[in-house]
Amino acid sequence: MTHRLAPGVREAPRRFVPRFHWELLVCGVAGHELVGLDARELRPSDAIVAREIDGVRWHRCLRCDSWLVLPAPDPASVAREVPPEREEIVLPLRGKPLRDKIILRLIAINRALHFVGLGLLGIAILLFSANRADLRDVVLRVIADVTGESAGNGAARSGHGLTHRIDELFSLRSAKLHLFAAIALTYALIEGIEAVGLWYGKRWAEYLTLIVTSSLLPVEVYELTQHATPFKILALIVNVAVVAYLLYAKRLFGLRGGAAADEELAARDVGWPALEAGVPEPAPARG
């Protein structure tokens, strides 16, 4: 079915697609980035960041492009005659660079939690290995009191029950326990390096995260086929999302133009040219 256009309309309007603005999220949490609040007067050259219309001052947020009406500074609080020059202003991140920073830091927090968890696990295994002779009788006695099992009952002798599993754990050789601890601590170290690198937006950390995470996906899928739990499913979804984001959005291994295309897009969203492209025309003077 074809729809007739209204008189004077040459083409149908495009469907509105909502867009998530990371700038508004950050400004809502950290506040707007405004300049010239302490300036006595505004010049025509300051119109990109602040302007005065009919005696009312408008200040532009350098991050989210919102224009805010603020009172002129009190003469006692004036710190400068005019707003700072462009070279004195540190522009905040916006657009794609801001989005990437937020997402990479969320991944970094995830990796930091892995670092803490694996590190504690490795230390716990080493402590267990060094003190298991003292712990064995205590643990088995607690298990017997809670479950009613004991090392001499039928369940333990038949190879079933919690007591049997605990007894097997205490029977592991020290070399095997040290191997498990070394694996856990090695992965903890890798996750810690990833977390620090991603927090500071390092490209090498993105590659390291992609390689390590991708290498563990087959293991996670196998674990799900053996015994699926909500935690395992969630972990798999998160890791698949991380791999997809790094490959598609960060253009690793030359995908979609590689680092050059990523830097070109980032440059388009930051800097004074990006701010100039979004500045409104000055209001006409009232007669």
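Residues numbered from 1 in each chain as written. Predicted model: local features only at pLDDT ≥ 70, side-chain atom pairs only at ≥ 80, totals over all residues. Heavy atoms only, no water.

Asks: What am I meant to see in helix α5 (residues 174-199) here?
Replies: Because each turn of an α-helix spans 3.6 residues, side chains separated by three or four positions end up pointing in the same direction. Under the 1.5 Å per step criterion, the end-to-end length of α5 is 37 Å for 26 residues, consistent within 8% with the ideal 38 Å. Turning to α5, its buried residues are Leu177, Ala181, Ala184, Ala188, Glu191, Gly192, Glu194, Ala195, Gly197 and Leu198. Within two residues after α5, glycine 201 carries a phi angle of roughly 70 degrees, on the positive side. (Helix = DSSP H or I, 4+ residues; strand = E, 2+ residues; numbered from the N terminus. Expected span 1.5 Å × (residues − 1). Buried < 20%, exposed > 50% of the residue type's maximum accessible area, 1.4 Å probe, protein only.)

Asks: Honestly, the pattern of salt bridges in this entry has me stumped. Any pointers?
Replies: Pairing between side chains of opposite charge can happen when their charged atoms approach one another. Scanning all chains against the criterion turns up 20 salt bridges. In this structure, the salt-bridge partner of aspartate 65 is arginine 94, at a minimum N-O distance of 3.0 Å. Of this pair, aspartate 65 sits in the loop between β2 (56-60) and β3 (67-70) while arginine 94 sits in the loop between β3 and α2 (95-147), placing them 29 residues apart in sequence. Among the ionic contacts, a cluster of salt bridges with common partners joins Lys96, Arg99, Asp100, Arg203, Glu206, Lys250 and Asp262. (Salt bridge = Lys/Arg side-chain N within 4 Å of Asp/Glu carboxyl O.)

Asks: Got a minute to help me understand unusual backbone geometry in this structure?
Replies: As a rule of thumb, non-glycine residues mostly have phi less than zero, and peptide bonds are mostly trans rather than cis. Notably, phenylalanine 253 is not glycine yet its phi reads approximately 55 degrees, a positive angle. The topology assignment puts phenylalanine 253 in the loop between α7 (230-248) and α8 (258-269). For arginine 256, which is not a glycine, the phi torsion comes out positive at approximately 55 degrees.

Asks: Looking at this structure, I do not really get the packing of aromatic side chains. What am I missing?
Replies: The way to describe two aromatic rings as a pair is by their centre distance and the angle between their planes. All told, the structure shown has two aromatic pairs when counted by the stated rule. Note on phenylalanine 20 and tryptophan 22: the rings are 4.9 Å apart at their centroids and 75 degrees apart in plane angle, and the pair reads as edge-to-face. For arginine 256, the ring lying beneath its charged end belongs to tyrosine 248, and the centroid distance is 3.9 Å. (Phe/Tyr/Trp six-rings, centres within 6.5 Å; stacked < 30°, edge-to-face > 60°. Lys NZ or Arg CZ within 6 Å of the ring centre and 35° of its normal.)

Asks: Looking at this structure, I do not really get the packing of helix α6 (residues 203-226) against α7. What am I missing?
Replies: Helices that pack against each other are described as a pair by the angle of their axes relative to one another and the distance between those axes. For the pair α6 and α7, the least separation of the axes is 9 Å and the interaxial angle reads 145 degrees. Here α6 runs over α7; the crossing is left-handed. Residues Glu206, Thr209, Leu210, Thr213, Ser214, Leu217, Glu220, Val221, Glu223 and Leu224 of α6 form the contact with α7, whose participating residues are Lys232, Ile233, Ala235, Leu236, Asn239, Val240, Val242, Val243, Leu246 and Leu247. Among the residues making up the contact of α6 with α7, the classes are represented as twelve nonpolar, four polar and four charged. (Axes fitted to C-alpha atoms, helices over the stretch in contact; angles between N-to-C directions. Left-handed = near helix turned anticlockwise from the far one by under 90°. Contact = heavy atoms within 4.5 Å. Nonpolar A, V, L, I, M, F, W, Y, C, P; charged D, E, K, R; others polar.)

Asks: Where do I start with the packing of α5 against α6 in this structure?
Replies: Relative orientation of the contacting elements α5 and α6 amounts to 140 degrees, with a least axis distance of 8 Å. On the basis of their axis angle, the class for α5 and α6 is oblique. Here α5 runs over α6; the crossing is left-handed. Judged by residue contacts, Tyr187, Ile190, Ile193, Glu194, Gly197 and Leu198 of α5 engage Trp204, Ala205, Glu206, Leu208, Thr209, Val212 and Leu216 from α6. (Parallel < 35°, antiparallel > 145°, perpendicular 65-115°, else oblique.)

Asks: Even after reading the chapter, I still don't get the nonpolar core, so can you show me in this structure?
Replies: Side chains that are nonpolar tend, in soluble globular proteins, to be buried together. In terms of nonpolar packing, the biggest core is built from 16 residues, with Leu104, Ile107, Leu198, Leu210, Tyr245 and Leu246 touching the most fellow members. Looking at this core, the elements that each hand over two or more residues are α2, α6 and α7. Residues Val49, Ala50, Ile89 and Trp272 belong to the second largest nonpolar core, which totals nine residues. (Core = buried A, V, L, I, M, F, W, Y, C linked by side-chain atoms within 4.5 Å.)

Asks: Looking at this model, I keep getting lost on the sheet that holds β3. Mind explaining?
Replies: Sheet strands associate in pairs through backbone hydrogen bonding, adopting either a parallel or an antiparallel arrangement. Read across the open sheet, the three strands follow the order β1-β2-β3; overall the sheet is antiparallel. On the outer flanks of this sheet lie β1 (50-53) and β3, each paired with one strand and no other. Direction aside, neighbouring strands of the sheet carry axes that sit 30 degrees apart on average. Pairing of β1 with β2, which is carried by four bridges, proceeds in the antiparallel orientation. Directly across from alanine 50, in β2, lies its bridge partner histidine 59. (Pairing = 2+ DSSP bridges.)

Asks: Whenever I open this one, the side chain of arginine 60 confuses me. Can you help?
Replies: By secondary structure assignment, the location of arginine 60 is in strand β2. Judged by its relative accessible area of 0%, arginine 60 is buried. There is a polar contact of 3.2 Å between the side chain of arginine 60 and the backbone oxygen of isoleucine 48. Among the polar contacts made by the side chain of arginine 60, one reaches the main-chain carbonyl oxygen of leucine 275 at a distance of 3.0 Å. Beyond its immediate sequence surroundings of up to four residues, arginine 60 is in contact with Glu33, Leu34, Ile48, Val49, Asp65, Ser66, Trp67, Leu275, Gly278 and Val279. (Polar contact = N/O pair within 3.5 Å; in protein donor to acceptor, adjacent residues only side chain to side chain.)

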